[in-house]
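Summary of structural features
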Amino acid sequence: MVAARRQQQQRGWRRRCGLPVLLAVYVGYVGLGAGVLRALERPAEVQAAQHLLQQHWELLANYTCLQGPALQQLFEGIIQAYKSGITLQGNTTSLGRWDFSGSFFFSISAITTIGYGNLSPSTAAGRIFCIVFALFGIPLNLVLLNEIGQLMLLGVQHCTHRLEEVFHGQKKASLLIKTCALVTGLLLFLLLPPLLFSDKEGWSYEEGFYYSFITLSTIGFGDYVIGMNPDRTYPGWYKNVISLWILFGMAWLALVIKLCINFLESSSDFCQCKKKSTDVVEDLVGGNKNSITGLHNVEICNDKDTKTKGPDESHNYKAPKEAHINFENLTAEWSIGVTLQLLHGIKIPRGQRRKD
């Protein structure tokens, strides 16, 4: 009873203090990121702005026939055209961002919620269609990613069962398969694609790796986007292959993130189970007789769930087999505590009701 009361008090405290603490950690983490990024990026921003302003005044000084407002209007037109995917090449303009392959890649980036931001519909009809398209496409994308993730997970489990027969141990097989799946995913989705980007885009390996992670994590800053360099010629299969890479890579990265979350949750559950078993041992060793007859109020942690006996069974003592208590999952301290309590002469006949 004392252990159950303590557990209820701890739950109430966690509910009251858990969210504010988590919110404080979240805000602190974001603030830390803001401070580091400001220290790293602010000087480069100031330097780039000063360089641009210097070039602007040098252009006006060298070409006195140019007027400031007209030049500013030209700059704004160039920027707007670039946002629409049009760039100047001599006396001609380059098109191609809204051909079929470019439109297909934009559709993938829209329903996967990557949203690079370098390209967007400029017509009212295109914007309305984009809203409707994303409204139905995002759930469809989530369903597809879930199916791909389940398929990957089934493959890992199948290989695990095969290796269990070889190693005759579940832990060794599971560890080996998880390691192989992690290494294979790193190679296919993060380590090897930058080599392709270096060849087709002219990026460095660091830039290609940066683009890979920013894309698969759906952050999508838009500072690096494939197939947007007007000075390069891209094969027809390039954007289609990258679209498939995005789908399977997002599913793999989601599995990795889920594995990390499960690991953190299992660590937290283990600590809570250990604390609960320690409280029960303290009650048993301390001579609290209600601890034996009140085992129905003790939450027993196992790998599947946590069960609590109902109030109607509060005065009955049942054998461990009838109570369905899995002693294999209990700690050694629990068994020692029960033994000490029984050695003190507490004998409760089976099926006999305890008198208050």
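Computed from a predicted structure; not experimentally measured.

Rules behind the numbers
- Residues numbered from 1 in each chain as written.
- Predicted model: local features only at pLDDT ≥ 70, side-chain atom pairs only at ≥ 80, totals over all residues.
- Heavy atoms only, no water.
- Axes fitted to C-alpha atoms, helices over the stretch in contact; angles between N-to-C directions.
- Helix = DSSP H or I, 4+ residues; strand = E, 2+ residues; numbered from the N terminus.
- Parallel < 35°, antiparallel > 145°, perpendicular 65-115°, else oblique.
- Left-handed = near helix turned anticlockwise from the far one by under 90°.
- Contact = heavy atoms within 4.5 Å.
- Nonpolar A, V, L, I, M, F, W, Y, C, P; charged D, E, K, R; others polar.
- Buried < 20%, exposed > 50% of the residue type's maximum accessible area, 1.4 Å probe, protein only.
- Polar contact = N/O pair within 3.5 Å; in protein donor to acceptor, adjacent residues only side chain to side chain.
- 1 Å grid on protein atoms, 1.4 Å probe; cavity = no way out; pocket = protein on both sides within 12 Å on 5 of 7 lines; lining within 4 Å.
- Points joined across faces, edges and corners; volume = space filled by probe spheres on them.
- Expected span 1.5 Å × (residues − 1).
- Salt bridge = Lys/Arg side-chain N within 4 Å of Asp/Glu carboxyl O.
- Patch = residues over 30% accessible without salt bridge, like charges linked within 9 Å, V, L, I, M, F, W, Y side chains within 5 Å.
- Areas by Shrake-Rupley, 256 points an atom, 1.4 Å probe, with all protein chains shown as cover.

1. Some thoughts on the packing of helix H6 (residues 193-201) against helix H7 (residues 205-216)
Across the interface, H6 lies against H7 with an axial gap of 8 Å and an inter-helix angle of 120°. If you check the angle between H6 and H7, you find them oblique. Crossing of H6 over H7 shows right-handed handedness. Between H6 and H7, the residues in contact are Pro193, Pro194, Leu195, Phe197 and Ser198 and Tyr205, Gly208, Phe209, Tyr211 and Ser212, respectively. For the contact of H6 with H7, the class distribution of residues is 7 nonpolar, 3 polar and no charged.

2. Some details on the environment of Ser217
Within the secondary structure, Ser217 is located in the loop between H7 and helix H8 (238-285). Given a relative accessible area of 22%, Ser217 falls into the partly exposed group. As a C-alpha pair, Ser217 and Ile246 span 29 residues in sequence and 9.7 Å in three-dimensional space. From its side chain, Ser217 meets the backbone oxygen of Ile214 in a polar contact 3.4 Å long.

3. A short note on the layout of surface pockets
Its boundaries defined by the atoms lining it, the largest pocket holds a volume of some 1,100 Å³. Lining the largest pocket are 30 residues, with Leu153, Val156, Lys178, Leu255 and Leu259 positioned closest to its centre. If one sorts the elements of the lining of the largest pocket by residue count, helix H5 (residues 170-191) sits on top with 13 residues. When the residues that make up the lining of the largest pocket are grouped by side-chain class, the tally is 16 nonpolar, 11 polar and 3 charged.

4. Looking at helix H3 (residues 100-111)
With 12 residues, H3 should cover 16 Å at 1.5 Å per step; its first-to-last C-alpha distance of 17 Å lies within 8% of that length. Of the positions making up H3, those classed as buried are Gly102, Phe105, Phe106, Ile108, Ser109, Ala110 and Ile111. Thr113 sits one or two positions beyond H3 and adopts a positive phi of about 60°.

5. Section: the pattern of salt bridges
Tallying each qualifying case throughout the model produces 2 salt bridges. In this structure, Arg42 engages Glu45 in a salt bridge whose closest nitrogen and oxygen atoms are separated by 3.0 Å. Of this pair, Arg42 and Glu45 both sit in helix H1 (residues 2-62), 3 residues apart, which is roughly one turn of the helix. Note on Arg42: relative accessible area 43%, which makes it partly exposed. Linking Lys200 and Asp199 is a salt bridge whose minimum nitrogen-to-oxygen distance equals 3.8 Å.

6. Looking at a nonpolar patch on the surface
Together, Val183, Leu187, Leu188, Leu191, Leu192, Leu195, Tyr205 and Phe209 give the surface a local cluster of nonpolar side chains, amounting to about 670 Å² of exposed area. Counting residues per element, the nonpolar patch draws most heavily on H5, which supplies 4 residues. You can see Leu191 is positioned in helix H5. Since its relative accessible area comes to 32%, Leu191 is described here as partly exposed.

Bear in mind that shape data such as this cannot, by itself, settle questions of function.
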